[in-house]
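Listed below are the residues making up each chain.
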Amino acid sequence: MLGIFEIAVRYQMYHALALLAAGLALQRSDLRWLRYGGYSFIAGIIIFSGSLYLLSLTGTRQWGVATPFGGIAFLAGWLCLAAGFLSQDAPRHN
């Protein structure tokens, strides 16, 4: 159970840093992709890490069912963050 707890902490740390990057990028330009990415990281942290915390602390294996949905939220967050950074560098046509 300690290994599961460690995975939850590690993924929470990585994605908290990604959330910080999204927030800093939002200060430069208010792109919806960066906001969506931030929301996805928050959802992923709550669902992925939260379910693993509950699994490791309670021993109830049913919490593990939610974990893949948090992983999907993490992937969506990375895709949104990439789209936001790529669209910042794209030439703008007025």
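Here, the structure is the one placed above.
S.K.: Hey, could you run me through the packing of helix α1 (residues 2-28) against helix α2 (residues 32-58) in this one?
M.R.: Packed helix pairs are characterised by how far apart their axes lie and by the angle those axes make with each other. Viewed as axis vectors pointing N to C, α1 and α2 meet at an angle of 165°, and their least axial separation amounts to 9 Å. Considering the angle they form, α1 stands roughly antiparallel to α2. As α1 runs across α2, the sense of the crossing is left-handed. Partitioned by chemical class, the residues of the contact of α1 with α2 number 21 nonpolar, five polar and one charged.

S.K.: Honestly, the pattern of salt bridges in this entry has me stumped. Any pointers?
M.R.: Pairing of side chains with opposite charge becomes possible as their charged atoms draw close. Going through the model one piece at a time under the given rule, you end up with one salt bridge. For Glu6, the salt bridge is made with Arg10, and the minimal N-O distance between the two is 2.8 Å. Here Glu6 and its partner Arg10 are both found in helix α1, four residues apart, which amounts to about one turn of the helix. The partly exposed category is assigned to Glu6, whose relative accessible area is 39%.

What counts, and where the lines are drawn
- Per chain, residue numbering runs from 1 following the sequence as it is written.
- With the structure being a predicted model, the display of local features is reserved for residues of pLDDT at least 70 and the display and counting of side-chain atom pairs for 80 or more, all residues being used for whole-chain, interface and lining totals.
- Side-chain numbers come from the whole structure's heavy atoms, not from hydrogens or water.
- Axis lines are fitted to C-alpha atoms, over the contacting stretch for helices. Their N-to-C directions set the angle, which ranges from 0 to 180 degrees.
- Under the DSSP-based scheme used, a helix requires at least four consecutive residues in state H or I and a strand at least two consecutive residues in state E, with every element numbered from the N terminus.
- With respect to orientation, any angle under 35 degrees is reported as roughly parallel, any angle over 145 as roughly antiparallel, any angle of 65 to 115 as roughly perpendicular, and every other angle as oblique.
- Two helices cross in a left-handed way if the nearer one is turned anticlockwise from the farther one by less than a right angle. They cross in a right-handed way if the turn is clockwise.
- Gly counts as polar in this scheme, as do all residues outside two lists: the nonpolar Ala, Val, Leu, Ile, Met, Phe, Trp, Tyr, Cys and Pro, and the charged Asp, Glu, Lys and Arg.
- Within this document, salt bridges are pairs made up of a side-chain nitrogen of Lys or Arg and a carboxyl oxygen of Asp or Glu, the two lying within 4 Å of each other.
- Burial status follows relative accessibility: with a 1.4 Å probe on protein chains alone, a residue under 20% of its type maximum counts as buried, one over 50% as exposed, and anything between as partly exposed.

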